[in-house]
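# An overview of the molecular structure
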Amino acid sequence: MLNQIVEALKKRNDLAGWTVRHVRTRGAQVYAVPQGIESQRVVDGERYLIDVLRNTSTAEGTPAMGSGDASLLPGDDIEHAIDQATLVAGLVANPMHGLPGPAALPDVPLSDPALQKDASRVMRDVMEHMRAAVAKHPQVRLGAAECFGEIRNTHLINSRGIDAKQESTQIDIELVLHGRKGAQESETFDELRRRRVVDLDLEAAIEDRVKSTLDSLDATAPASWQGPVVLRDEALAIFMTGDDIGGSVIRTLASAESKYAGISPWEMGKPVFRGEVRGDPLTVWANRCLPFGSTSDRFDTEGLPAQRIEVIRENALIAFAASQRYADYLQIPATGAFGNMELPPGKTPTSELLAEPYVEIVQFSWFNPDPITGDFATEIRFGYLVQNGVRKPFKGGQLIGNYMDALANVRWSAETGFFGSYLGPQAARFNELKIAAGEE
Amino acid sequence: MTDLKLPIAMAELRPALGEIIGLGLRQRAPYFSVLLSSRHGLSIVVDNREERVTERPPTAGTVLSAFDAATNFERAIGGFNPQEVQSAARDFLQGISFQKFIFEAEPERRGDFVTAMQLDPLELSTQEKLDRCREVQRRAKSRDPRIVNVRVIYNELNEHAVFADPSADLAQRVQRVNMFILVIVSSPTGDVRYDFDVKSGSGGWEVLNWSDEEIQDVVDGALALLNAERIEPGEYRMITTPNVSGVLAHESFGHGVETDMFLKERARAAHFIDKVVGSALVSIADDPSQPGSYGSYFFDDEGQIAAPTQIVENGVFRRGITDRYSATALEIPRSANGRRQDYSRKTYARMSNTFFSPGNSTLEEMIAQVDHGIFLDKCSSGMEDPQGWGIQVTCHYGHEIKGGKITERVFAPIGITGYVPEVLQSITAVSNELQMEGGTCGKGHKEQVPVASGGPHLLLTARLG
């Protein structure tokens, strides 16, 4: 059917360009409740996504460009879908922009061979592995868990000659641990996304969560705090990269789309901070080439090849992450999607970043800064106040501040780690953050 | 005759569902059902510099479910190809040994349903919809020189579902629409701030009419934020707008009473049935049958006919909202809340339209009761904590209330935190109106479904930061 779509598009002389993506997915899902396996699912999907460009003109007669899209399932009416997309493209008159042309594609590793071979078996194995790892700790039990594995194949062809394929795998894990001590109960909830089972590092991940679950049995509400706050590992990765829903401040402000819309005040060559930088300098790469990065690819939805782009160098904006459309609008290089976030190692060993006193936040309820202003007031699910050699667990309270102001006063660890869509320092010490007291 | 406007392939597969159910039951599945689900839509974005008309990522597929009261086995197939679906129905249960279980006979449910609307989006051309968006954007964009952009975002969600099991043959077309206005302003120093408002509902374009006053309110809100302060963290008396009240209901006795969470021992509410959880002024319900609300539907993804559930009644927790699995396991009556993001995901117990019921006070009376407090507006996000019964709700901003009057002083953003029973117990006045607002709800950070939440204004005490 892909060939039929391509042939149909080639026959159209009313289009300025087109892209077709054939996306096939297959996967397995296993869901557990305390009583056993709640649900097992096998899921397939297949569709064809068509994007078209069409020359239009503004009300004043200036040449312009319109775009439209359509999706087809196998067997759908190809001509009808193309007609619909073309019709829509004729309705809008945006500044001229085009499609990327062919370019060498990097060979980015994206797949787990075991998952490609038998997703159902791998997901059942992961579930059993989690159960076994938790079972080593009699004070803690696995309350619920979900394991998703998916294999995705994409074949992209466009009118400028790109003809590219990629296969990727993705694993999503959710797990809930319950702890109990007398009448005290605690719960930890976690999500992990990786491309390979091995990168889940389940043993270590569960050891960490077991410790948090047990420590939170003794947690109290925090007092107000203003001073050093340490984030490590997954908590730091979430702080840096955000999530699928809330987005990320750096990704938003460093996107050409935001710049074009007037949302991002960042300017090329200028500092990304509004005030003095009192901590380590900030350097950030947008990296889609990261092996097994959860937002890595060989090419993005427009067909732009994966790149490792230095976005921020020593606090100054070096590049916007730009799709072809917004690159053309702003007359800047097209980088493609942002992808994973990479930071260079810091200069300070983690051990020095843990100079007492400090607060360590292990888990947020949901770290959701305003992606435009960077302001945040976010509940702390679990953390420690570390002073006088004692790690005192707490839960509740709010971390309050501004994202970019926080990054202007941080020290990064020399040790680095890989956490799905983040590669960079494993720990960060924010020198001056505020925590509002929680309820007793 | 009801015009479902079912996708052709879905309509063609529908007559074969009886035979497919028979295939499943003959393989000794104690219960077998088929869901055909198609979700597609349109997005239009118009701002000062660009216009975009795009398809919302469509999903379409068939779900075969075999359930033995212990495990739900599902095969989800993209599309509605009769041969593929029949082949899957024959193959996917092979090798599975079901636990013996006899389900109670369910009442016969048959019918085709369509959202009531005056201006059906599917009857309007894309050009007409685009022109309507342009008109709203035009009315907003020149209201102040500090405006750097005004973005109007229109979303149209067209959902079709066919559900069949041994006692059900149901079909529905649910039409949802929403429109956001986002006003972005900049200060002379380059600070960027924004405000937004949304109209939403299940229905047609008649839901999306904006008055000049409403548009001006968004502009004024954005400009006020240029001078916003951060609030001093602490405990405050506050009045929540219906939008914020709704998110409080959603995060507290919405997520907290999804009974799949009871089964997973993740919900503290499981231990509070028929116990006092809030002030006697507090009543909370979930109602997928509420006409016109964004989260409405006629039957859920498990074929349960939509009906209201009284969750909290005069401060007492009565019951939760269920999916089939948790209702079976917990041996409780089902409610029509078994929902899935799309055919590729499983069903969970999910909210529909969740709200505080109105009380007897007027807003003016409530404001007059506050000597020093905050008028909280525009919820931007919320997160549940069913086990810990914590609340995290983030408001885009709030106005100071001083001496029983709302002042010009603005704080932003404002996070509300607290322990659910204490927050609900602190409610001392409830206004006499009910307003709903649509949005999207995740289970944790995924499984997105359209919902609405709302209520009246509430006067309460909680921690702000």
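As the structure is a prediction and not an experimental result, all values here were calculated from the model.

What follows is about the overall build of chain B. The helix and strand inventory of chain B stands at 10 helices and 22 strands. Overall, chain B is about 70 × 55 × 35 Å in size when its C-alpha atoms are taken along their principal axes. With 465 residues in all, chain B has 64% of them scored as buried. In the structure as shown, chain B presents an accessible area of about 16800 Å², 49% of it carried by carbon and sulfur atoms.

This brings us to the overall build of chain A. When its secondary structure is counted, chain A shows 11 helices and 19 strands. For a compact globule of 440 residues, the expected C-alpha radius of gyration is about 22 Å, and chain A comes in at 24 Å, within 12% of that figure. The principal-axis extent of the C-alpha atoms belonging to chain A is close to 75 × 55 × 35 Å. Here chain A holds 440 residues, and 60% of them are scored as buried.

This brings us to the environment of A:Arg274. Mapped onto the fold, A:Arg274 is located in the loop between helix H8 (256–261) and strand S8 (284–287). With 146 residues separating them along the chain, A:Arg274 and A:Glu128 place their C-alpha atoms 50 Å apart. Not counting residues up to four positions away in its chain, the partners in contact with A:Arg274 are A:Asn402, A:Asp405, B:Asp191 and B:Arg193. A polar contact is formed between the side chain of A:Arg274 and the side chain of A:Asp405, at a distance of 2.8 Å.

Now for the interface of chain A and chain B. Across the contact, 70 residues belong to chain A and 76 residues belong to chain B. Carbon and sulfur atoms make up 47% of the surface buried where chain A meets chain B, a total of about 6100 Å² over both sides. Here chain A and chain B share 9 salt bridges between them. On the surface where chain A and chain B come into contact, there are 40 residue pairs in polar contact (both at pLDDT 80 or more). Tallying contributions element by element places strand S2 (residues 36–57) of chain A first for the side of chain A that touches chain B, with 10 residues. With 5 bridges connecting them, S2(A) and strand S3 (residues 72–78) of chain B associate as parallel partners. Bridging from a neighbouring strand, A:Val43 pairs with B:Ala76 of S3(B).

Residue and element names in this part refer to chain A. In the contact formed by helix H4 (residues 119–135) and helix H5 (residues 202–215), the axes pass within 10 Å of each other and the chain directions differ by 45 degrees. In this view, H4 runs oblique relative to H5, as classed from their interaxial angle. Crossing geometry of H4 relative to H5 is assigned as right-handed. The segment H4 lies against H5, with Val 126, His 129, Met 130, Ala 133 and Val 134 engaging Leu 202, Glu 203 and Ile 206. Considering only residue class, the contact of H4 with H5 consists of 6 nonpolar, 1 polar and 1 charged.

This paragraph deals with the nonpolar core. Of all hydrophobic cores here, the largest spans 56 residues; its most connected members are A:Phe239, A:Met240, A:Ile250, A:Trp266, A:Tyr403, A:Leu407 and A:Trp412. The element best represented in this core is helix H6 (residues 233–241) of chain A, accounting for 5 residues. The residues contacting A:Met240, other than those within four sequence positions of it, are A:Ser248, A:Ile250, A:Met341, A:Leu343, A:Tyr403, A:Leu407, A:Trp412 and A:Tyr422. If you look at the next biggest cluster of nonpolar residues, it comprises 44 residues, including B:Ile231, B:Cys395, B:Cys441 and B:Val451.

Residue and element names in this part refer to chain B. Taken together, 6 strands build an open sheet; the order of strands is S11-S10-S9-S14-S21-S20 and the sheet is mixed. In the strand order of this sheet, the two ends are held by strand S11 (316–317) and strand S20 (435–443), each with one partner. Where strand S9 (residues 284–286) meets strand S10 (residues 309–313), 3 bridges bridge the pair, whose relative direction is antiparallel. Paired with Ile 284 across the bridge in S10 is Val 312.

Moving on, we come to the packing of aromatic side chains. Inspection of every chain in the model, using the stated rule, returns 27 aromatic pairs over all chains. With a centroid separation of 5.1 Å and an interplanar angle of 70 degrees, the aromatic rings of A:Phe382 and A:Tyr384 are classed as edge-to-face. Each ring, one from B:Phe113 and one from B:Phe298, has its centre 5.4 Å from the other, and the planes form 10 degrees; the classification is stacked. With B:Phe113 in strand S4 (residues 109–114) and B:Phe298 in the loop between S9 and S10, the pair connects residues that are 185 residues apart, well separated along the chain. Look at B:Phe113 and you get partly exposed, because its relative accessible area is 24%. In this structure B:Phe298 comes out as partly exposed when scored by relative accessible area, which is 25%.

Right, let's talk about the sheet that holds strand S9 (residues 308–313) of chain A for a bit. Residues and elements named next belong to chain A. Read across the open sheet, the 6 strands follow the order S10-S9-S8-S11-S18-S17; overall the sheet is mixed. Looking at strand neighbours, the two that pair on one side only are strand S10 (316–317) and strand S17 (416–418), the edges of this open sheet. Inspection of the sheet shows S9 paired to S10 by 2 bridges, in the antiparallel sense. Looking at S10, one finds that Arg 313 is bridged to Ala 316. Packed on one face of the sheet, H6 meets strand S11 (340–342) and strand S18 (422–425) and runs near 115 degrees to S18.

This next bit is on helix H2 (residues 17–26) of chain B. All names here are of chain B. Buried residues of H2: Leu 17, Ile 20, Ile 21, Gly 22, Leu 23 and Gly 24, and no others. Buried residues in H2 make contact with helix H1 (8–13), strand S1 (31–46), strand S2 (51–67), helix H3 (82–91) and strand S5 (147–165). At the C-terminal side of H2, Arg 28 shows a positive phi close to 70 degrees.

Attention now goes to the confidence of the model for chain B. Chain-level pLDDT for chain B is 94 on average; 99% of the residues reach the 70-or-more range. With a pTM of 0.93, the predicted complex shows an ipTM of 0.91.

What follows covers the pattern of salt bridges. Tallied over the entire structure, the rule returns 66 salt bridges over all chains. In this structure, B:Arg324 engages B:Asp165 in a salt bridge whose closest nitrogen and oxygen atoms are separated by 3.8 Å. Taken together, the residues span a long stretch of sequence, with B:Arg324 in helix H8 (residues 324–330) and B:Asp165 in strand S5 at a distance of 159 residues. Comparing B:Arg324 with B:Asp165 shows no difference in burial state: the two are buried. Where salt bridges share partners, they join A:Glu146, A:Glu174, B:Arg345, B:Lys446 and B:Glu447 into one cluster.

Omega for the bond connecting A:Glu356 with A:Pro357 falls within 30 degrees of zero, at 0 degrees, which places this linkage in the cis form. Among the secondary structure elements, A:Pro357 is positioned in the loop between helix H10 (350–353) and strand S12 (358–364). Each neighbour pair has its own omega, and for B:Ala412 with B:Pro413 the value is -20 degrees, a cis peptide bond. Take B:Pro413: it is sitting in the loop between strand S17 (405–411) and strand S18 (414–419). With phi around 80 degrees, A:Asn315 is a residue other than glycine that occupies positive phi space. By the element assignment, A:Asn315 lies in the loop between S9 and S10. Even without being a glycine, B:Glu447 presents a positive backbone phi close to 55 degrees.

With that settled, consider the packing of helix H4 (residues 126–141) of chain B against helix H5 (residues 212–225) of chain B. Residues and elements named next belong to chain B. Put simply, H4 and H5 touch, their axes get as near as 10 Å, and they point 55 degrees apart. Put simply, H4 runs oblique to H5. For the pair H4 and H5, the sense of crossing is right-handed. For the pair formed by H4 and H5, the contact residues are Val 136, Arg 139 and Ala 140 on the first element and Asp 212, Ile 215 and Val 219 on the second. Of the residues belonging to the contact of H4 with H5, the class tally is 4 nonpolar, no polar and 2 charged.

Glancing now at the environment of A:Gly45. Secondary-structure assignment places A:Gly45 in strand S2. Every residue in contact with A:Gly45, bar those within four places of it in the chain, is listed here: A:Val23, A:Arg24, A:Thr25, B:Gly78 and B:Tyr343.

Moving on, we come to the environment of A:Val284. Residues and elements named next belong to chain A. Tracing the backbone through its elements, the reader meets Val 284 in strand S8. As a C-alpha pair, Val 284 and Gln 363 span 79 residues in sequence and 23 Å in three-dimensional space. Setting aside residues no more than four positions away along its own chain, Val 284 makes contact with Ile 250, Ile 309, Glu 310, Val 311, Ile 312, Phe 338, Met 341, Glu 342 and Leu 343.

What counts, and at which threshold
Residues numbered from 1 in each chain as written. Chains lettered and ligands numbered in written order. Predicted model: local features only at pLDDT ≥ 70, side-chain atom pairs only at ≥ 80, totals over all residues. Heavy atoms only, no water. Helix = DSSP H or I, 4+ residues; strand = E, 2+ residues; numbered from the N terminus. Buried < 20%, exposed > 50% of the residue type's maximum accessible area, 1.4 Å probe, protein only. Areas by Shrake-Rupley, 256 points an atom, 1.4 Å probe, with all protein chains shown as cover. Rg over C-alpha atoms; globule rule 2.2 N^0.38 Å. Contact = heavy atoms within 4.5 Å. Polar contact = N/O pair within 3.5 Å; in protein donor to acceptor, adjacent residues only side chain to side chain. Buried area = accessible area lost by both parts, 1.4 Å probe. Salt bridge = Lys/Arg side-chain N within 4 Å of Asp/Glu carboxyl O. Pairing = 2+ DSSP bridges. Axes fitted to C-alpha atoms, helices over the stretch in contact; angles between N-to-C directions. Parallel < 35°, antiparallel > 145°, perpendicular 65-115°, else oblique. Left-handed = near helix turned anticlockwise from the far one by under 90°. Nonpolar A, V, L, I, M, F, W, Y, C, P; charged D, E, K, R; others polar. Core = buried A, V, L, I, M, F, W, Y, C linked by side-chain atoms within 4.5 Å. Phe/Tyr/Trp six-rings, centres within 6.5 Å; stacked < 30°, edge-to-face > 60°. pLDDT = per-residue confidence, 0-100.

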